[in-house]
Amino acid sequence: QNLRKEAGFEVVERIKIAFDSSDTLKKAVMNQKEYILSETLSTEIHTTFAQGEFSKEVEINDEKIQISVQRIS
């Protein structure tokens, strides 16, 4: 949600997420995929990074993750 705000996206806009991280973090995210999709109004989560409208590198539990968000038209 913070990335959505930083990107200047409206709260009601649907997005897709792409990210790259360690296998451990990828597994954790994909285990929570449905929750993340519903909480972020996302339609897709991809575990291969692709440049979107807004991207950022962040740390989660001392692991770096590159995340990109793209609005769905």
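Let me begin by describing the structure that accompanies this report. (Residues numbered from 1 in each chain as written. Predicted model: local features only at pLDDT ≥ 70, side-chain atom pairs only at ≥ 80, totals over all residues. Heavy atoms only, no water.)

Digging into the nonpolar core
So, point 1. Residues Leu3, Phe9, Ile15, Ile17, Phe19, Leu25, Val29, Leu37, Ile45, Ile65, Ile67 and Val69 constitute the largest nonpolar core, which totals twelve residues.
So, point 2. Put simply, the parts of the chain that give this core at least two residues each are β1 (15-20), α2 (23-31) and β4 (63-71).
So, point 3. In this structure leucine 25 touches Ile60, Glu63 and Ile65, once residues within four positions along its chain are discounted. (Core = buried A, V, L, I, M, F, W, Y, C linked by side-chain atoms within 4.5 Å. Buried < 20%, exposed > 50% of the residue type's maximum accessible area, 1.4 Å probe, protein only. Helix = DSSP H or I, 4+ residues; strand = E, 2+ residues; numbered from the N terminus. Contact = heavy atoms within 4.5 Å.)

Looking at the environment of glutamine 51
So, point 1. Assignment of secondary structure puts glutamine 51 in the loop between β2 (42-46) and β3 (54-60).
So, point 2. A sequence separation of 13 residues divides glutamine 51 from serine 38, and the C-alpha atoms of the two residues are 22 Å apart.
So, point 3. Only 3.0 Å separates the side chain of glutamine 51 from the side chain of serine 55, close enough to count as a polar contact. (Polar contact = N/O pair within 3.5 Å; in protein donor to acceptor, adjacent residues only side chain to side chain.)

Side note on the pattern of salt bridges
So, point 1. If you walk through the whole model with that rule in mind, you get five salt bridges.
So, point 2. Its salt-bridge partner being glutamate 13, residue arginine 71 comes within 3.5 Å of it at the nearest N-O pair. With arginine 71 in strand β4 and glutamate 13 in the loop between α1 (2-7) and β1, the pair connects residues that are 58 residues apart, well separated along the chain.
So, point 3. The exposure class assigned to arginine 71 is partly exposed, which follows from its relative accessible area of 32%.
So, point 4. Take glutamate 13: its relative accessible area is 23%, and that puts it in the partly exposed class.
So, point 5. The salt bridge involving lysine 64 is made with glutamate 57; its shortest N-O contact spans 3.9 Å.
So, point 6. What makes lysine 64 exposed here is its relative accessible area of 54%.
So, point 7. In this structure glutamate 57 comes out as partly exposed when scored by relative accessible area, which is 47%. (Salt bridge = Lys/Arg side-chain N within 4 Å of Asp/Glu carboxyl O.)

What to know about the sheet that holds β2
So, point 1. Spatially, the four strands line up as an open sheet ordered β2-β1-β4-β3, and their pairing is mixed. Since the sheet does not close on itself, it has two edges, and those belong to β2 and β3, each with one partner. If you compare each strand with its neighbour and ignore which way they point, the axes differ by 25° on average.
So, point 2. Of the strand pairs in this sheet, β3 and β4 are connected by seven bridges, and their pairing is antiparallel. The residue of β4 that forms the bridge with glutamate 57 is glutamine 66.
So, point 3. In the packing of α2 onto the sheet, the strands contacted are β1, β2, β3 and β4, and the crossing angle to β1 comes to about 155°.
So, point 4. Here helix α3 (residues 33-40) sits on the sheet in contact with β1 and β2, set at roughly 135° to β2. (Pairing = 2+ DSSP bridges. Axes fitted to C-alpha atoms, helices over the stretch in contact; angles between N-to-C directions.)

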